[in-house]
Every structure is written in C-alpha cells, then in structure tokens.
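Tertiary structure, described
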Amino acid sequence: MESNPSTIQEQSPSWLEITMEVHSVVPPPHKSTIQKLKTRLKETLFPDDPFRQFKGQPTKKKWVLASQYIFPILHWGPNYNLKLFKSDIVSGVTIASLAIPQGISYAKLASLPPIVGLYSSFVPPLVYAVLGSSRDIAVGPVSIASLILGSMLTQQVSPTGDPVLFLQLAFTATFFAGFFQASLGFLRLGFIIDFLSKATLIGFMAGAAIIVSLQQLKSLLGITHFTKKMGFIPVMTSAFHNSQEWSWQTILMDFSFLVFLLVARHVSMRRPKLFWVSAAAPLVCVILSTFLVFAFKNQHHGIGVIGKLQEGLNPPSWNMLQFHGGHLGLSMKTGLVTGIISLTEGIEVGRTFASLMNYKVDGNKEMMAIGLMDMVGSSTSSYVTTGAFSRSAVNHNAEAKIAASNIVMSIKVMVTLLFFMPLFQYTPNVVLGAIIVSAVVGLIDIPSAYHVWKIDKFDFIVAVSIFKILMQITRPKTVLLGKIPGTDIYRDLHHYKESVKIPGFLILSIEAPVNFANSTYLNERVLRWIEEYEAEDPMMHSNSSLRLVIPEMSTVSTIDTSGVSFFKELMRTMEKKGVELVLVNLVGEVMEKLQRSNEADDFMKPDCLFLTVGEAVATLSAKIKGQSSNDV
C-alpha cells in the first residue's frame, strides 16, 4: 500500500474492535541478477563464511591463517605441550589396542588380506592428523564400508581365484572414493550429506550391523562352504544346510570370547571412566585365543587361523591402481558407494563428539581430509578408511585433546608391523568374527530409534523417508486461521480452540515454498477451502457472504514461475466468484517475482498487499462497511 499509515477503528462485532495502525508495503531493494547469484552461492557454498578471519589482516598474517586453515596441525602444533602429550599418548595407546584387532578383522570382512587392515591403520591416521579438524575422531577401517566394498567387488572378481586383481580393484576403488570425497569438500558441497536424515542413518546403521553379524556365522560356526549373499533367509539357510560342518570347538571359543567382549562393552558403557576395559578387550581376546591355539594346536581340530602375515611397513601400491580396462566401471561404482557411506559415518561421528564437547568441525574440511586420506591410502596399500565410531568413542572417553592421538596410534601400529607380526600366525578366525559382532552391536542404537518413533512414526519407517520428503514438497500444509479474541493475533483454528472466524473472510496460511511441484495442488486446495466455507451453516454467514481470501505468506520463502502462475490463476478465479484476493506478509524474493510478472498492472495492486493479517482485516473491514453504507 502506498498511502500513509492511518488509524482505523473497526466497528464490526465487539470482539473484532481494535485500533490498528496500517503500514505501507514496500518492494525490496533492487539487486542485479549477478548480486542475487553471488548472495545465493555464498549462502549455499560458504554458510560458515570461512574468509571472515582474513578481513583487515596484513598479507603475512593472511598467509599464516590460510596455512592453518588448510593444515590444522599448524594451528595446534606450536602450542602443543607435555600435558597434552600425556593425554594423547594414553588415548593413542588405548585406541591402538582396539585398532589392531579391528583392522585385521575388517580386512577379512572386505575379503582382503589381514595385513591390509593394519596398513590402513598406519598411514591414513597420519594424514588425518595433519588435515583433520576433529580432536575426537580415530581413523581406521570400518565394518560397513568393508562389507560393502568386499561384497561389490566379489560380484565380478573372486578374492581367492584372482587375489592380485581383487587387491588392485580394492585400491582403485579406494582412490575413487577419496577423489569423490575430496571433490565434495573442495566444491563446498557438504550440504549433500545433510539429505541423509537422522532416522535414515539410525536405520541404515542398524540394518548394516545385522547384515555384518549374519556374515560372521561362517567364522563363528566354523563353516567352510557358506553363501556370499547378504539376505537373512539365504544366510540362515546356508548356515543350517551346512550344519554338518559346524565345529563345537569353534562355537565354544566363539561364545566364550563374544560374551567376554559384550560384558566388557557393557562395563565401559555403565562406567565411562573404565573406557579402557572395552578398548583393551579385543586385544586381550586376540592374545589369549592365539596362546590357546598355539598351546593346544587346535588349528588341526576345526579352528582356522590367520596364518603368516608379512612383516614391514606399507609397501607402495600406486602401480596397482587401474584406470583402464573392463573393471574400471566396477571400481568407480564401488568407490562412489563406499565413499558416500564412509564419509557419512565420519562426518556424523565428528559432529556427534563436537557437539558433546562444544566445539565445531568444518564439514567441508573434513570431507577433504577424509578424501585425501583415502587417496594417499590407495597408494600405500590401504583401503577405505574413515572416522570409526567405536574407536572415536574410546578416544573421546580417554579425553583426547587434539588429533595427535592418531599419531600415537599410528606409531604403535608401526611397531606392530615391524616387530610383532609373527605373533598373529596362530590367531583364530573365530575371535575376529567375535570382535566384529561385538563392535557392530554398538551400531544398533535402540534409544535413538525409540526417540524417533516417539516423535514421528513416519520418520521411524526409514523406507518411506524419501517418500515423506516428496509428500512434504508436493503436498504442503495449508491451515485456516482465526482471530484470538481481544488480540491482533491470528492462529490455526484447529490448534487454538478459542480463535474465531471472521465473517466474510477466508484467511489461510501456506506453509511451504510455492513451485511447480505443488502449485496445482495448492490451487485445488484453496478452491476446496472456498467450497467448504460456502457449504457451512448458512446462519453463520447470514450477515456476510465470502468477500475476501487472504493467504498469509510469511512461510513462503521462495516461488518459481509456476507459483506466479498459480497466484494469477487464483486471482482470476476469485474475480469470477466476486471475491477479492489479498496477499499478506510477502517476503522480499516472492514480492519481487510477483511484481516482475505484473506487466499489465492488474495483479499486484497496492490495496491488495498488507504487512500483517491484522492490518488487512482492519482496513478491509472498514472498506466493506463503507461500501455497505453507500449501498443502503
């Protein structure tokens, strides 16, 4: 409205009487297309505004800040002291005790040589210590990515029939995973990960944990011939169909160590100060089971062992990367899938512990750190790694102060690779299966699942999460507003029972952006609101038929050309019915687009725009009353 603010006294029903100052509706400041694009890209790609720290700084200081931003170790390194070192060495030694047996176990889960799991616990953590921004993340192989990588590659290549090719494809897939991860971070596309809801992650982790556990039946029961499928029915069928291969020695050892690991985990969960119990338990199991097998030579009585492992540090593997040939597509696909899975887990772990300790991690920097970690790892005989939840939880409970705990862990793994590899020759496969099962049990987050169920039943059903999002986009919520007596507040009539309708007014709230996906639905829904209004008890409207439709648009953040057409079509429909359309509380972008479409000057009339519903009702009530007096 272009008129000056005025004071209007409503003279409708007594509960409607209120003195109202009506304010002008003005268009947003003009911005060029380049300016709008710049603002949108900045908010999309740089929501944290990482360049603000460089403003007003001398050139030398800018170079220092840039180096610290790229390499966080340059930020905390100069201030590192003995107190921090004491804390990190305890954390590093503790997580190394967990990382060594888990590394061997997860490598076998990926159908890779066990030594590759130890290689992956040596070089990648060093890279993350230089580039990572989380002080709680402990890097290494993880069960889910290991299972997916192994299962995808074995569909076309046999790890036993052609082990060299399988290893080459695993390293190549790791390179592509790292390249994809680093690209997301470099291009500031971290928001893509946000499309995975909390409910989706909870469901995915739980489902993956069950699948991983089922796959361990081969080792836990001592079965030689076992299905490669991951479904529940094929796995259970295979387990019982080959019951003649079950080994009672294997089952007894498995049950004993699994109970021990679960009890240790329970103790650490109940008493966080005893975090070292669950962290040391896997290594204790490895040492004890290895001694028992060696002492009684049970490898000849149905208990399989790892066998000899190669001594020495990571050999280079860049010459094994294959960027051509018939298996290139398989490597790229496997890398993409495992890259997304491991990246999501790493980011989620980092954010979880950062929120607990009240500090922030840069999601895009984490993506670049994890990506470069995998790219370097693929050239040093390592496969896909990320921030592992179990190790990170131990690292957090051990009160790690910075990422240096990963360096300490790497040093301990390095010592193991150099001097202690012969000790693992008699380590039984069954204890590795028990370690995997006890680790993935922690991925089944029952309290969080119950919390999601309690808040939103539909969100709990992970399979319909995408469908739910589509429904929210294509079927946005619209509600009928009424006035709370004695105030100038308008709220949902079904929510606030004391709110009342205003005769002759249909006031609606559109609670979503208006675009091509929902404009047709909104047109039909608004017309249905009008039909429902007209079909109500005629006595309610004995003094006033429908005169005005007022969409309250404070939550309509954006609009496209289909949305503009929707409002134009709605206005033409209202004119045919003799009803006036008034728009309230337009945000800047929506108002600007509607104005640009108003070429004939017959759409965005000044007297059809208001800042609030209260001002619109006050002004239009007086206008209707004046028209009624003139008619009389």
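One can find the structure itself at the top, above this paragraph.
Only a predicted model underlies this, so the values are computations on that prediction, with no experimental measurement involved.

**Some details on the pairing of strand β8 (residues 548-552)**
- Counting buried residues along β8, five of its five residues qualify, which places the element largely inside the surrounding structure.
- Here β8 shows no split at all, with L548, I550 and E552 on one side and V549 and P551 on the other all buried.
- Both strand β7 (residues 505-510) and β8 contribute to a ladder of five bridges, which runs parallel. Paired with I507 across the strands is I550, a residue of β8.
- As judged from the two bridges shared by β8 and strand β9 (residues 580-581), these two strands associate in the parallel manner. Directly across from V549, in β9, lies its bridge partner L581.
- Following the backbone out of β8, through helix α23 (residues 561-577) and into the adjacent parallel β9, one traces a crossover that is right-handed.

**Structural notes on the pairing of strand β5 (residues 478-483)**
- Burial of β5 is extensive: six of the six residues sit out of reach of the surface.
- Neither face of β5 is left uncovered, since the one carrying T478, L480 and G482 and the one carrying V479, L481 and K483 both have all their residues buried.
- With three bridges joining them, β5 and β7 adopt antiparallel strand pairing. Directly across from V479, in β7, lies its bridge partner S509.
- As defined by bridge partners, β5 adjoins strand β6 (residues 490-492) across three bridges and the pair is classed as antiparallel. Residue pairing for β6: K483 is matched across the bridge by Y490.
- Hairpin connection of β5 to β6: six residues between the antiparallel strands, including G486 at a positive phi of 80 degrees.

**Concerning the nonpolar core**
- Residues L112 and L417 are the most contacted members of the largest nonpolar core, which totals 84 residues.
- With 10 residues, the top contributor of residues to this core is helix α8 (residues 163-186).
- If sequence neighbours within four positions are ignored, L417 has contacts with I115, L118, Y119, F122, E311, G312, L313 and N314.
- One finds Y521, I530, F566 and M574 within the second-largest nonpolar core, a separate group that totals 33 residues.

**Details of empty space enclosed by the protein**
- A complete count under the given rule lists one cavity of 30 Å³ or more for this structure.
- Of the voids in this model, the largest cavity is the one considered here, and its volume is about 60 Å³.
- Along its surface, the largest cavity is lined by L480, L481, G482, K483, Y490, V500, K501, I502, F505, L506, I507 and Y533.
- For the lining of the largest cavity, the elements supplying multiple residues, two or more each, are β5 and β7.
- When residues in the lining of the largest cavity are grouped by element, the largest group, four residues, is from β5.
- Class assignment of the residues belonging to the lining of the largest cavity gives a composition of nine nonpolar, one polar and two charged.

**As for the packing of aromatic side chains**
- The final tally for this structure, using the stated rule, is five aromatic pairs.
- Ring geometry for F175 versus F176: centroids 5.9 Å apart, planes at 75 degrees, classification edge-to-face. Both residues of the pair, F175 and F176, count as buried.
- On the basis of an interplanar angle of 90 degrees and a centroid distance of 5.8 Å, the ring pair of F176 and F323 is categorised as edge-to-face. Here the residue F176 occupies a position in helix α8, and F323 occupies one in the loop between α13 (275-296) and α14 (328-356), the gap between them amounting to 147 residues.
- When the ring centre of Y69 is taken as origin, the NZ or CZ atom of K365, which lies over that ring, is 4.5 Å away.
- Here the basic side chain of R525 rests over the ring of W529, its NZ or CZ set 4.0 Å away from the ring centre.

Criteria and cut-off values
Residues numbered from 1 in each chain as written. Predicted model: local features only at pLDDT ≥ 70, side-chain atom pairs only at ≥ 80, totals over all residues. Heavy atoms only, no water. Buried < 20%, exposed > 50% of the residue type's maximum accessible area, 1.4 Å probe, protein only. Helix = DSSP H or I, 4+ residues; strand = E, 2+ residues; numbered from the N terminus. Pairing = 2+ DSSP bridges. Right-handed = clockwise from strand over helix to strand, strands pointing away. Core = buried A, V, L, I, M, F, W, Y, C linked by side-chain atoms within 4.5 Å. Contact = heavy atoms within 4.5 Å. 1 Å grid on protein atoms, 1.4 Å probe; cavity = no way out; pocket = protein on both sides within 12 Å on 5 of 7 lines; lining within 4 Å. Points joined across faces, edges and corners; volume = space filled by probe spheres on them. Nonpolar A, V, L, I, M, F, W, Y, C, P; charged D, E, K, R; others polar. Phe/Tyr/Trp six-rings, centres within 6.5 Å; stacked < 30°, edge-to-face > 60°. Lys NZ or Arg CZ within 6 Å of the ring centre and 35° of its normal.

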